[in-house]
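# Reading the structure
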Amino acid sequence: MTPVRGGRSEAGIAAVLHPSPRTVVHHVAGSSTELGVTTRAEAVARTADADLF
């Protein structure tokens, strides 16, 4: 979630971490499901609230 928290797009995350942008989409979606959220902003807030990052 750190790159998402930094405001990076899927393409921006892929450029830094080197998976395909589609892989990033799947990982962000899976993380959001695990956190029980529907938006990137909620995911960032949830991880901050849980002190995960």
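Residues numbered from 1 in each chain as written. Predicted model: local features only at pLDDT ≥ 70, side-chain atom pairs only at ≥ 80, totals over all residues. Heavy atoms only, no water.

### Some words on the layout of surface pockets
Note the following rule: Only protein atoms enter the 1 Å grid used here, on which a cavity is any set of points holding a 1.4 Å probe that cannot leave and a pocket is any open set flanked by protein within 12 Å on both sides along at least five of seven lines; residues with an atom within 4 Å of a point are listed as lining. Grid points are joined across faces, edges and corners, and a volume is the space filled by probe spheres set on the points. Strands here are runs of E lasting at least two residues and helices are runs of H or I lasting at least four, both read from the DSSP assignment and numbered beginning at the N terminus. As a working rule, the residues Ala, Val, Leu, Ile, Met, Phe, Trp, Tyr, Cys and Pro are called nonpolar, Asp, Glu, Lys and Arg charged, and the rest polar, with Gly in that last group.
Considered as a void within the structure, the largest pocket measures approximately 190 Å³ in volume. Elements with a contribution of two residues or more to the lining of the largest pocket: helix 1 (2-5), helix 2 (10-17) and helix 3 (21-35). Sorting elements by how many residues they give to the lining of the largest pocket places helix 3 first, with five residues. The residue makeup of the lining of the largest pocket, split by class, is eight nonpolar, three polar and no charged.

### Things to note about helix 2
As a reminder of what qualifies: To sort residues, take the accessible area from a 1.4 Å probe on protein chains only and compare it with the maximum for the residue type: under 20% means buried, over 50% means exposed, and anything in between is partly exposed. Whether two residues touch is decided by their heavy atoms; if any such pair falls within 4.5 Å, the residues are in contact.
Every buried residue belonging to helix 2 is among Gly12, Ile13 and Ala14, and all of these are buried. Considering only its buried residues, helix 2 is in contact with helix 1, helix 3 and helix 4 (40-49).

### Topic: helix 4
Defined as follows: It is the directions from the helix axis to the C-beta atoms that the arc portrays.
Residues of helix 4 that are buried: Ala43, Val44 and Thr47. An end-on view of helix 4 places all buried positions within 95° of arc, on one side of the element. Turned more than 90 degrees away from the buried face of helix 4 sit Ala41 and Asp49, all of them exposed.

### Brief notes about the pattern of salt bridges
To keep it simple, the criterion reads: Salt-bridge detection follows one rule: a side-chain nitrogen of Lys or Arg within 4 Å of a carboxyl oxygen of Asp or Glu.
Tallying each qualifying case throughout the model produces one salt bridge. Close ionic contact of Arg40 with Glu10 constitutes a salt bridge, the shortest N to O distance being 2.8 Å. Of this pair, Arg40 sits in helix 4 while Glu10 sits in helix 2, and the two are 30 residues apart along the sequence.

### Examining the side chain of Ser32
Mapped onto the elements, Ser32 comes out in helix 3. Residue class for Ser32 comes out buried when judged on its relative accessible area of 9%. If we ignore the near neighbours within four places in the chain, the residues touching Ser32 are Val37 and Ala43.

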